[in-house]
There are 2 protein chains.
Amino acid sequence: MIIALDAMGGDFAPASTVEGAIFAAKESKHKILLVGPEKIIAEEMLKYHKKYNLQSLNIEIVNATEVIGMDEHPAKAVRQKKDSSLSVCAKLVAAGKADACVSLGNSGAAMAAALFYLKRIDGVLRPAICSPFPTIDGQCIISDSGANMDCKPEHLLQFGIMASIYCEKVFRTEKPRVGIVSVGEEPTKGNEVSLATYEMLKKSGLNFIGNIEGRDISRGKADVVVCDGFVGNVILKFGEGLAETMLKLVKKGFKKHPIAWASLPFLWTALRDLRKKVDYRGYGGAPLLGVDGVCIIGHGSSNGTAVMNAVLAGARAAEHDITKEIKEALQNTKLQ
Amino acid sequence: MIIALDAMGGDFAPASTVEGAIFAAKESKHKILLVGPEKIIAEEMLKYHKKYNLQSLNIEIVNATEVIGMDEHPAKAVRQKKDSSLSVCAKLVAAGKADACVSLGNSGAAMAAALFYLKRIDGVLRPAICSPFPTIDGQCIISDSGANMDCKPEHLLQFGIMASIYCEKVFRTEKPRVGIVSVGEEPTKGNEVSLATYEMLKKSGLNFIGNIEGRDISRGKADVVVCDGFVGNVILKFGEGLAETMLKLVKKGFKKHPIAWASLPFLWTALRDLRKKVDYRGYGGAPLLGVDGVCIIGHGSSNGTAVMNAVLAGARAAEHDITKEIKEALQNTKLQ
């Protein structure tokens, strides 16, 4: 697979993206296109020439003269900066020169670029960001996790269908259990939109398990967690903050019990495993499902490992031809 | 203070409520009215006669012949069962015979009973459940946490005003920092309702700190976290599930490293502190603010300690005359 990576996207780019590209090229057989200002990327790559045999790595620099900043207005920036690293990534996929594009930068702009250059799949009302989230015994997908603020039931239904396909094809989950986020298990509990979505999901042919409450998410009750992008984004970030807070409290708790210091080395190992489990970095980026091409949106604060995982997530989605799968599913399902 | 406790409300009632009443009576000088079927409560109390000098405790049984179940339709049950333990509690407050009512039962029914017997405070559009939530260095209030599913900006504004008063008067927080839950810090980020609420909160005279993201909640960025009851409920339950999952993972992580078992006794102490911190039981119930009288709604799975804390929360709210404070604040604020 050929993956176009926006070398200038992310809080620590291009250091993180170049490192991530090197990691990904070493870890896999995929070709990585590092897209951005040639000179800056080449200079960044040079830092690694002692550690790695760069010539042997399947990495190519693709020049793009402009950069879209984190604070720029998404649609405006994409419209105006046609030669930005992000836009060029999307164009490479649209032209069939790359199988997936990956960005850790301005996620609104990444969505705008995907919509502008890849276009929506015919029949898709709104593309959705489908973020993996760790559960007690695996992971689930939160769909949508931030692309769409105010949603109608038919949007949520499509989020469920698309995420279910992704889960089945990429994660190899048989008959993914699809749940709609609500405030109680009973079908009568919820807000106007969740109640109407419940009825649509019931008739969708998906493996719909009904309402799921907040506490069911990390318990792993559903493989696909359907909600609007406002709720999804709040949940994901709330989880991030709570995990961080809890780890701090565990450490603080230990400090209060001096004798417990003796066990710190062991605790550290356990905490490291835990952090790995709850760390977004291990999960790579989230696919923007519903656009006609693979587009992965990663966490802005991604480090090299996270970038690598986002690149590998893009490759996996492309290998499983997720776009074609969604197109076919949409043809077979009554969507609106 | 005199607190009317719905002895039949909660998953473990009347065992949990009777135990909680005894704990609260021992812990404080408040008078506890245990409301429910006389015979059942008396029998339950008898279990404690060896351990405690029941005569010395300031507890009185108030007979109520009916019970509202967890699955009953809230409004219908309250309308029909006028002599239910819950209804009698609310009536005691309405009649001035108790300073607060507390229920751990069907929370929809508790709201319905409060609205039916206590009525809304003049000018309040919708009462809100204001749940305390632990932060890294204290606690915040999530308002609303489940009473109102689909809200308008003017509802959310009132939730912020009422919770801010509660926070100031009961928690003694000077100028509580009020934030509105959203998906980014920038005032332009959010859904239709959050964006409109932002503008109203800005002009409210409250100590409004703008949008807060999911991750800011447990970081303690705001004292009052404003959101609709759908989002608030999902957040609270999600936090409950995630905390539980993380503790399980820490334990599992330890099991993977046999040598770490040696430190388990120390870890246990740290985890116990942590659990205490994230445990709803320590926080007692949540006040339903906006009704004309103090009404505390607790967690269905409350044990005796949690019931005691809910009773004490009710007493504190009554001592600080939170209802009068809200009435006065509403007169001084432009609300609609």
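Everything below is about the structure printed above this text.
What counts and what doesn't
- Residues numbered from 1 in each chain as written.
- Chains lettered and ligands numbered in written order.
- Predicted model: local features only at pLDDT ≥ 70, side-chain atom pairs only at ≥ 80, totals over all residues.
- Heavy atoms only, no water.
- Helix = DSSP H or I, 4+ residues; strand = E, 2+ residues; numbered from the N terminus.
- Buried < 20%, exposed > 50% of the residue type's maximum accessible area, 1.4 Å probe, protein only.
- Contact = heavy atoms within 4.5 Å.
- Areas by Shrake-Rupley, 256 points an atom, 1.4 Å probe, with all protein chains shown as cover.
- Pairing = 2+ DSSP bridges.
- Axes fitted to C-alpha atoms, helices over the stretch in contact; angles between N-to-C directions.
- Parallel < 35°, antiparallel > 145°, perpendicular 65-115°, else oblique.
- Left-handed = near helix turned anticlockwise from the far one by under 90°.
- Nonpolar A, V, L, I, M, F, W, Y, C, P; charged D, E, K, R; others polar.

S.K.: Tell me about the overall build of chain A, and name the residues and values.
M.R.: Helix and strand content of chain A: 12 helices and 11 strands. Among the 336 residues that make up chain A, the fraction classed as buried is 60%. Excluding contacts between residues fewer than 6 apart, the proportion of contacts in chain A whose partners are at least 24 apart in sequence is 74%. Accessible surface for chain A amounts to roughly 13700 Å². Of this, 51% is attributable to carbon and sulfur atoms.

S.K.: An account of the sheet that holds strand 2 (residues 31–36) of chain A is needed here, citing residue identities and associated values.
M.R.: Residues and elements named next belong to chain A. The sheet built from 11 strands is open, its strands ordered 3-2-1-4-11-10-5-6-9-7-8 with mixed pairing. The sheet terminates laterally at strand 3 (59–63) and strand 8 (207–212), the two strands that pair on one side only. On average, each strand axis in the sheet is inclined to that of its neighbour by 30°, with strand direction left out of account. Inspection of the sheet shows strand 2 paired to strand 3 by five bridges, in the parallel sense. Paired with Leu 34 across the two strands is Ile 61, which belongs to strand 3. Of the strands in this sheet, strand 5 (128–135), strand 6 (138–143), strand 7 (177–181), strand 9 (224–226) and strand 10 (286–289) touch helix 6 (residues 153–170), which is tilted by about 165° from strand 9. Running at roughly 155° to strand 11 (residues 294–297), helix 11 (residues 304–319) makes contact with strand 1 (2–6), strand 2, strand 4 (100–103) and strand 11 of the sheet.

S.K.: Could you give me a rundown of the packing of helix 6 of chain A against helix 12 (residues 322–332) of chain A, with the residues and numbers involved?
M.R.: Residue and element names in this part refer to chain A. Here helix 6 crosses helix 12 at 130°, and the two axes come no closer than 10 Å. As judged from the angle between their axes, helix 6 and helix 12 are oblique. Note that helix 6 runs across helix 12; the crossing there is right-handed. Residue-level contacts link Ile 161, Met 162, Ile 165, Tyr 166, Lys 169 and Val 170 of helix 6 to Ile 322, Glu 325, Ile 326, Ala 329 and Leu 330 of helix 12. Its residues assigned to classes, the contact of helix 6 with helix 12 shows nine nonpolar, no polar and two charged.

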